[in-house]
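If you want the building blocks of each chain, they are given just below.
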Amino acid sequence: MDEMNEQATDFKELSVGDTVTGKVVKVEDKQALVDIGYKVEGILPISELSSLHVERAADAVSEGEELTLKVKKVDDEEVVLSKRAVTAELAWDDLEAKFESGEIFEAEVKEVVKGGLVVDVGLRGFIPASLVETHFVEEFEGYKGKPLTLKVVELDREQNRVILSHRAVAEEEEASKKQEVLDSLEAGQVIDGTVQRLTDFGVFVSIGGGIDGLVHISQLSHEHVEKASDVVTEGQEIKVKVLGVDKENERISLSLKETLPGPWENISDRAQAGDVLEGEVKRLVSFGAFVEVFPGVEGLVHISQIANRHIGTPQEVLEPGQTVQVKVLEVNESEKRMSLSIKELEQDENDAVIKEYEKEEEHSGFQLGDILGDKLNKYKQ
């Protein structure tokens, strides 16, 4: 009897709240037995394995595993232990430090529940649906088992409340990318973009980092544009030139027109001295008329080249919107200048009539001065 009493005194004394270490000796369906060097093996119930739901004890522990546990109940016949309590205590300290510092960390989504997601952070961490993404999410099942970067946004030990946010992390990343793009932009750059939205006054183009720039309708084409949809479509990839950057207000002015070949580019392939073109009178000025012969290309008909007779103002012969035939006198692509003549074209027509009459005269016997006026009138008709 004395020998048995001596053996009993060799066992450690235990109290509720003590932290002990032990080895798992048996795993049953709803509990595990742990050798903690006490006179009886400690019982680790399935409810004390984790702050999250566990179906079977074998899902959380295995035989031979060394564990640090907290004593929940002790008497001569039974010792109840908790793994969850030890993990939670360490987790609270860790989460409080992360909350204070704003640290970003990663955790795996364990459950999809009503109103959000549950993650294992040593305790049960909850991500409300509104804090999962920066955009609306309709279906959350795809998040299960997926790791998410998170920030702690609310902690309450007394209420055992841990609120986490992935949205806060995403917003920080978006803000960082946006600032990076803004810092890299300079007037004159040609960059890639995607047409996001069409409006009456222009087009909004995504240029990365969550930033949209505006291409005003006047900057869509070298030609006059009635509707943006006549030039681009939503989702279209385009190159645009940066016209201006307002970093403080995040306003970016862009131009599609500046990236396209200008109306004067290679104009000499389309118009050379001596060519006859048709155009529209666009403007009348004191010294002549500007006639558009190609979209965006206007040439000047000097007042001296408007008519075969003397005129005081271009308005005596021409009016805006009138369609006229003109002869090209000179083309200067580098200076975007073209000289035109209406008078020379009329003179050419007169010369052609005279030449044809002279040919007829050789066969008819009429003299040049006989009925020249009548002949000219006939051929002009």
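Residues numbered from 1 in each chain as written. Predicted model: local features only at pLDDT ≥ 70, side-chain atom pairs only at ≥ 80, totals over all residues. Heavy atoms only, no water.

**Let's talk about the overall build of the chain**
Summing up its helical and strand segments, the chain has 5 helices and 20 strands in all. For the chain, long-range pairs separated by at least 24 residues make up 56% of all intrachain contacts whose partners lie at least 6 apart in sequence. Approximately 22600 Å² of the chain is accessible, and the part contributed by carbon and sulfur atoms is 45%. (Helix = DSSP H or I, 4+ residues; strand = E, 2+ residues; numbered from the N terminus. Contact = heavy atoms within 4.5 Å. Areas by Shrake-Rupley, 256 points an atom, 1.4 Å probe, with all protein chains shown as cover.)

**Considering the packing of aromatic side chains**
Considering all chains together, one arrives at 3 aromatic pairs under this definition. Both rings, one in Phe-140 and one in Tyr-143, keep their centres 5.9 Å apart while their planes meet at 40 degrees; by these two values the pair is tilted. Owing to a relative accessible area of 13%, Phe-140 belongs among the buried residues under this scheme. Residue class for Tyr-143 comes out buried when judged on its relative accessible area of 10%. The positively charged end of Arg-270 is found above the aromatic ring belonging to Phe-294, 5.0 Å away from the centroid. (Phe/Tyr/Trp six-rings, centres within 6.5 Å; stacked < 30°, edge-to-face > 60°. Buried < 20%, exposed > 50% of the residue type's maximum accessible area, 1.4 Å probe, protein only. Lys NZ or Arg CZ within 6 Å of the ring centre and 35° of its normal.)

**Examining the pairing of strand β8 (residues 124–128)**
Relative to β8, strand β7 (residues 116–120) is paired through 5 bridges, and the arrangement is antiparallel. Each bridged residue has a counterpart across the sheet, and for Leu-117 the counterpart in β8 is Ile-127. In sequence, β7 turns back onto β8 through a hairpin of 3 residues, with Gly-122 there showing a positive phi of about 90 degrees. (Pairing = 2+ DSSP bridges.)

**Some details on the layout of surface pockets**
Reported here for the largest pocket is a volume of approximately 180 Å³. Contributing to the lining of the largest pocket are 13 residues, with Leu-49, Ser-50, Val-54, Ala-60 and Asp-120 lying nearest its centre. Residue contributions to the lining of the largest pocket peak at 3 residues, all from helix α2 (residues 83–101). Class assignment for the residues of the lining of the largest pocket results in 3 nonpolar, 5 polar and 5 charged. (1 Å grid on protein atoms, 1.4 Å probe; cavity = no way out; pocket = protein on both sides within 12 Å on 5 of 7 lines; lining within 4 Å. Points joined across faces, edges and corners; volume = space filled by probe spheres on them. Nonpolar A, V, L, I, M, F, W, Y, C, P; charged D, E, K, R; others polar.)

**Some words on the sheet that holds strand β14 (residues 237–246)**
Spatially, the 5 strands close up into a barrel ordered β11-β12-β13-β15-β14, and their pairing is mixed. Strand-to-strand twist in this sheet, taken as the mean axis angle between neighbours without regard to direction, amounts to 55 degrees. Pairing analysis gives 5 bridges linking β14 to strand β15 (residues 251–255), with the strands arranged antiparallel. Opposite Val-245, over in β15, you have Ile-252 as the bridge partner. (Axes fitted to C-alpha atoms, helices over the stretch in contact; angles between N-to-C directions.)

**Considerations on α2**
Taking 1.5 Å of rise per residue, 19 residues should cover 27 Å, and α2 covers 28 Å from first to last C-alpha, within 8% of that figure. Listed in full, the buried residues belonging to α2 are Ala-85, Val-86, Ala-88, Ala-91, Trp-92, Leu-95 and Lys-98. At the exit of α2 stands Gly-102, carrying a positive phi of roughly 75 degrees. (Expected span 1.5 Å × (residues − 1).)

**Things to note about the nonpolar core**
Across soluble globular proteins, nonpolar side chains show a tendency to be buried alongside one another. Core analysis: the largest hydrophobic core is formed by 23 residues, its most contacted members being Val-293, Val-326, Met-338 and Leu-340. Element by element, the count of residues in this core is highest for strand β17 (residues 288–294), at 4 residues. Leave out the neighbours within four places in its chain, and Met-338 touches Trp-264, Ile-267, Ala-271, Val-293, Val-297, Gly-299, Leu-300, Val-328, Glu-330 and Val-331. (Core = buried A, V, L, I, M, F, W, Y, C linked by side-chain atoms within 4.5 Å.)

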